[in-house]
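# Tertiary structure, described
Residues per chain, in single letters:
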Amino acid sequence: MIVTTAGALRFTDFSVWYGARQALHTVTIAIEPGIALALIGPSGCGKSTLLRACNRMTELVPGTRHTGTVHLDDGEIHAREVDVRALRQRVGMVFQQSNPLPRSIFENVAYGPRLNGVPDGSELTDRVTEALRRAAIWDEVADRLDDPALALSGGQQQRLCIARALANDPEVLLLDEPASALDPGATQRIEELLYDLRGSVTIVIVTHNLQQAARVSDRTAFLYDGRLVEVGETSALFTRPREAQTEAFITGRFG
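Our subject in this report is the structure included herewith. (Residues numbered from 1 in each chain as written. Predicted model: local features only at pLDDT ≥ 70, side-chain atom pairs only at ≥ 80, totals over all residues. Heavy atoms only, no water.)

Attention shifts here to unusual backbone geometry. Non-glycine residue Thr26 carries a positive phi angle of around 40 degrees. At Asp73, a residue that is not glycine, the phi angle is positive and equals roughly 55 degrees. Tracing the backbone shows Asp73 in the loop between β4 (64–72) and β5 (75–76). Overall, Asp73 belongs to the partly exposed group, its relative accessible area being 23%. (Helix = DSSP H or I, 4+ residues; strand = E, 2+ residues; numbered from the N terminus. Buried < 20%, exposed > 50% of the residue type's maximum accessible area, 1.4 Å probe, protein only.)

Have a look at this one:
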């Protein structure tokens, strides 16, 4: 596997407000290219806000403002010259609920590349095939690419959505509770997929499942009340947390 050298994210003194409510407080964190970072913490602690700030999706909420900076590789993502559509091509997003388009399996995965200028033909077909392979669903759909995507099972639909994001060849893949609506078998498939993707793309995942965070991530960040409490190697954070608040959360004393 080729390990990527692109997809580094760096937040510096980053704060976010939704109207009068402050959701993040001066967060500073560096995410190395090719690693999987899990964001954990109780509900409402700012995990999803931090995740969505990676590709400026927080701006879709009216009244949102921010201070501080976010860099993707060497570029500040809020710079005036940044094309937001191009940014979201580089930083793909997979949501909690699978959201396939009401089109065929092939057309779902081809949608992004076609939108970004890849013409119909062998290049597009190759792009779709590779994305479905990387998302570990090719063997299940190779002979029915023209079937409706909505006919797939819930777990297959979520892997299709991951393939749709991967088809744009992103540097970063964001996932917001991607397995919370799935049964244990489908959840295991998603976790195995994310484990295999590490190294080839930077992964940032929000999860309430601490065991899942431990299984799929290289590093884990714990947030509480919009503040970054602690970040470190996953094995160390779960076994030897530096902060008492982190230990209280991972041992179930609150949250």
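The description of an aromatic ring pair rests on the distance of the ring centres and on the angle between the ring planes. Across all of its chains, the model carries two aromatic pairs by this definition. Judged by centre distance (5.4 Å) and plane angle (70 degrees), the ring pair of Phe11 and Phe14 falls under edge-to-face. Here Phe11 matches Phe14 in class, with each residue buried. Seen in terms of ring centroids, Phe222 and Phe249 are 5.0 Å apart; in terms of plane orientation they differ by 25 degrees. Their pairing is stacked. Taken together, the positions of Phe222 in strand β9 (residues 219–224) and Phe249 in helix α10 (residues 244–250) put the pair 27 residues apart, joining distant regions of the chain. For Phe222, a relative accessible area of 0% gives the class buried. By relative accessible area, which is 9% here, Phe249 ends up buried. (Phe/Tyr/Trp six-rings, centres within 6.5 Å; stacked < 30°, edge-to-face > 60°.)

Before going further, it helps to spend a moment on the pairing of strand β3 (residues 36–40). With five of five residues buried, β3 lies mostly within the body of the structure. Burial along β3 is two-sided: the face carrying Ala36, Ala38 and Ile40 and the face carrying Leu37 and Leu39 are both buried. Across four bridges, the pairing between β3 and strand β8 (residues 202–206) is parallel. Bridging from a neighbouring strand, Leu37 pairs with Val204 of β8. Relative to β9, β3 runs parallel, the two being bridged by four bridges. (Pairing = 2+ DSSP bridges.)

Interpretation note: all reported values are geometric properties and have no functional meaning in isolation.
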